[in-house]
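So the chains spell out like this:
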Amino acid sequence: MITLELNFKNAISGKSKRLSIPEPVDNIDELTEALDTHMVTYVQPVLSGSLVFASARLVNREITELIEK
């Protein structure tokens, strides 16, 4: 499963907060539009005024079965 992880830092305390957006789109043109939607949907409701954007990364967690059934 691929997720887009957004990291924010609290300008006052120095602590960070990570938000994961599941299954972001692959196409960069769609990503820009979808990211704007995701920011409004997922990010704005949970951010306090002192949090600032720090970094973003795509994480691909593939599941590999170790034991065949």
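Everything here concerns the structure above.
Everything numeric in this text was worked out from a predicted model, so none of it was measured.

Enquirer: Give me the environment of Asn-7: which residues, what numbers.
Expert: Structurally, the position occupied by Asn-7 is in strand S1 (residues 2–10). Under the relative-accessibility criterion, Asn-7 is labelled buried at 18%. For the pair Asn-7 and Ala-54, spaced 47 residues apart in the sequence, the C-alpha separation amounts to 5.4 Å. Ignoring anything within four residues of it in the chain, the contact list for Asn-7 reads Lys-17, Arg-18, Val-52, Phe-53, Ala-54 and Ser-55.

Enquirer: Requested: an account of the pairing of S1, with residues and values cited.
Expert: The two faces of a sheet get side chains in turn, since along a regular strand they alternate between them. For S1, the buried fraction is high: 7 of the 9 residues fall into the buried class. Looking at chain direction, S1 and strand S3 (residues 51–60) are connected through 9 bridges and run antiparallel. Each residue of the ladder has a partner; that of Leu-4, found in S3, is Leu-58. Pairing analysis gives 7 bridges linking S1 to strand S2 (residues 16–22), with the strands arranged antiparallel. Considered in S2, the bridge of Leu-4 is made with Ile-21. What sits between S1 and S2 in their antiparallel hairpin is a turn of 5 residues, with Gly-14 showing a positive phi close to 85°.

Enquirer: Before we move on, can you summarise the sheet that holds S2 with the specific residues and values?
Expert: Spatially, S2-S1-S3 is the arrangement adopted by the 3 strands of the open sheet, whose pairing is antiparallel. Each edge of the open sheet carries a strand with a single partner, namely S2 and S3. For this sheet, the mean angle separating the axes of adjacent strands, direction not counted, is 20°.

Enquirer: Explain the side chain of Thr-3 to me, and be specific about the residues and the numbers.
Expert: As for its position among the elements, Thr-3 is in strand S1. Ignoring anything within four residues of it in the chain, the contact list for Thr-3 reads Ile-21, Pro-22, Glu-23, Pro-24, Arg-57, Leu-58, Val-59 and Arg-61.

Cut-off values and rules
Residues numbered from 1 in each chain as written. Predicted model: local features only at pLDDT ≥ 70, side-chain atom pairs only at ≥ 80, totals over all residues. Heavy atoms only, no water. Helix = DSSP H or I, 4+ residues; strand = E, 2+ residues; numbered from the N terminus. Buried < 20%, exposed > 50% of the residue type's maximum accessible area, 1.4 Å probe, protein only. Contact = heavy atoms within 4.5 Å. Pairing = 2+ DSSP bridges. Axes fitted to C-alpha atoms, helices over the stretch in contact; angles between N-to-C directions.

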